Amino acid sequence: PLNHVVDHTPNFRWTYFDTTGASQVRYQIEVGEDNDWDVAELWSTGEVHSSSVNTEYAGADLIDANHYHVRIRVGTATDWSIWNGFLFTMNSLPTVPVGQSPASEDTVASGFKLVVANSDDVELDAITYDYEIYSDVGMTQLVYSQTRLYEGNETSSTPSIITLPTNSNYWWRARSNDGFEYSSWSVPISFYLRDPWSIRV
């Protein structure tokens, strides 16, 4: 089986060979939810007159984490091959990580960490996290980033951050990756970075 398919319009490819030397002049592809081919629930090309050895999926929407059955046959002008079938599974996106610290409108000192609650993944893939901090609410001025940091037990975080200018407002976000696809970015969270020795009331 082909696992973790991320393209929702996958391209099916095959190799044609005939011992008699006859050329391929037609093909047929069906995609279904099971191995009962009385009905191809998602897609059937019907008989396509072509020597092409690939075609793009053009059926019903493929749903993340679902398993799908495919069968393909090719033909000469007079004969069809037997059906050749296989199974593939659509990858599921990891859930969006939830920012925990700094929380919205928090005031923090240099040496803080960005902390998120871990994402979930249907396939239980190993998750990594990307983190970003911006100096503007429009999220255009990137001032800090870390990518592909490994997951912790229940929460995940960056190393301590000590390089940002203090007495400034910042906005941060995070996303997760299951090794195949990224989640969406989390909702931006604003915080204020103060001098280590100052108290803001």
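Structure shown above.
This is a predicted model, so every value here is computed, not measured. Along each chain, numbering runs from 1 in the same order as the chain's sequence is written. Given that the model is predicted, a residue must reach a pLDDT of at least 70 before its local features are reported, and side-chain atom pairs must reach 80 or more before they are shown or counted; all residues, however, enter totals for whole chains, interfaces and linings. Based on all heavy atoms of the structure, the side-chain values leave hydrogens and waters out of the count.

### A closer look at the nonpolar core
In this description, a nonpolar core means a group of buried Ala, Val, Leu, Ile, Met, Phe, Trp, Tyr and Cys residues linked to one another through side-chain atoms lying within 4.5 Å. Burial classification: accessible surface area is computed with a 1.4 Å probe over protein chains only, and a residue below 20% of its type maximum counts as buried, one above 50% as exposed, and the rest as partly exposed. With 18 residues, the main nonpolar core has Phe112, Leu114, Tyr131, Ile133, Leu164, Trp172 and Phe191 as its most contacted residues. Put simply, the parts of the chain that give this core at least two residues each are strand S11 (128-134), strand S12 (142-150), strand S14 (168-177) and strand S15 (189-194). Contacts are assigned to residue pairs that have any heavy atoms within 4.5 Å of one another. Other than its neighbours up to four places away in sequence, Phe112 contacts Pro102, Ile133, Pro159, Ser160, Ile161, Leu164, Phe191 and Leu193. A helix here means a DSSP run of H or I that spans at least four residues, while a strand means a run of E at least two residues long, and both kinds are numbered starting from the N terminus.

### A word on the pattern of salt bridges
For salt bridges, the criterion is a side-chain nitrogen of Lys or Arg within 4 Å of an Asp or Glu carboxyl oxygen. This model, assessed by the stated rule, comprises four salt bridges. Two residues, Glu30 and Arg71, come together in a salt bridge whose shortest N-O distance is 2.9 Å. Remark: Arg71 occurs in strand S6 (residues 67-75) and Glu30 occurs in strand S3 (residues 26-32); sequence separation between them is 41 residues. Judged by its relative accessible area of 9%, Glu30 falls in the buried class. Between Arg175 and Asp130 there is a salt bridge, and its shortest N-O distance comes to 3.1 Å. With a gap of 45 residues between them, Arg175 in strand S14 and Asp130 in strand S11 connect regions that are remote in the sequence.

### Brief notes about the side chain of Glu181
With respect to the element layout, Glu181 can be found in the loop between S14 and S15. Although Glu181 is buried, it forms no salt bridge, and the closest oppositely charged side chain is Arg175 at an N-O distance of 11 Å. Beyond its immediate stretch of four places on either side in the chain, Glu181 contacts Val6, Asn91, Leu93, Pro94 and Ser176. Positive charges are assigned to Lys and Arg, negative charges to Asp and Glu, while His and the chain termini are left out of the count.

### Side note on the packing of aromatic side chains
Classification of ring pairs rests on two measures: the distance between centres of Phe, Tyr or Trp rings, Trp counted by its six-membered ring, which must be within 6.5 Å, and the angle between planes, read as stacked under 30 degrees, edge-to-face over 60 and tilted in between. Taken as a whole and judged by the stated rule, the model has nine aromatic pairs. Seen from their ring centres, Trp43 and Tyr57 are 5.1 Å apart, and the 75° between their planes marks the pair as edge-to-face. Placement of Trp43 in strand S4 (residues 43-44) and of Tyr57 in the loop between strand S5 (54-56) and S6 is noted, with a sequence separation of 14 residues between them. Considered together, Trp43 and Tyr57 belong to a single accessibility category, that of buried residues. Ring pairing ties together the aromatic residues Phe12, Trp43, Tyr57, Tyr68, Phe86 and Phe88, which thus form one cluster. A positively charged side chain is recorded as over a ring if its NZ (Lys) or CZ (Arg) lies within 6 Å of the ring centre. The angle to the ring normal must also be within 35 degrees. We note Arg71 situated over the ring of Trp83; from NZ or CZ to the ring centre the distance is 3.8 Å.

### With respect to the sheet that holds strand S13 (residues 155-157)
The three strands lie next to each other as S8-S10-S13, forming an open sheet whose pairing is antiparallel. On the outer flanks of this sheet lie strand S8 (98-101) and S13, each paired with one strand and no other. Strand-to-strand twist of the sheet, defined as the mean angle between neighbouring strand axes without regard to direction, takes the value 35°. Pairing analysis gives three bridges linking strand S10 (residues 115-117) to S13, with the strands arranged antiparallel. Within S13, the position partnered with Val116 by the bridge is Ser156. When DSSP finds at least two bridges between two strands, those strands are taken to pair. The angle between two axes is taken between their N-to-C directions and runs from 0 to 180 degrees, where each axis is a line fitted to C-alpha atoms and a helix contributes only its stretch in contact.

### A look at the environment of Asp178
Among the structural elements, Asp178 can be located in the loop between S14 and S15. Remark: the alpha-carbon pair of Asp178 and Gln141, spanning 37 residues in sequence, is separated by 27 Å. Those residues in contact with Asp178 that lie beyond four places of it in its chain are Asn91, Ser92, Pro94, Asp121, Asp125, Ala126 and Ile127.

### A look at the sheet that holds strand S1 (residues 2-5)
Strand pairs in the sheet, formed through backbone hydrogen bonds, run parallel or antiparallel to each other. Pairing within the open sheet is mixed, and its five strands lie in the order S1-S7-S6-S3-S4. Of all the strands in the sheet, just S1 and S4 have a single pairing partner and so form its edges.

### Points about unusual backbone geometry
Residue Pro102 is bonded to the preceding Ser101 through a cis peptide linkage, with omega at -5°. One non-glycine residue, Glu105, lies in positive phi territory at about 70°. Checked against the element boundaries, Glu105 lands in the loop between S8 and strand S9 (106-109). The residue Asn167 is not glycine, and still its phi comes out positive at about 55°. Relative to the elements of secondary structure, Asn167 occurs in the loop between S13 and S14.

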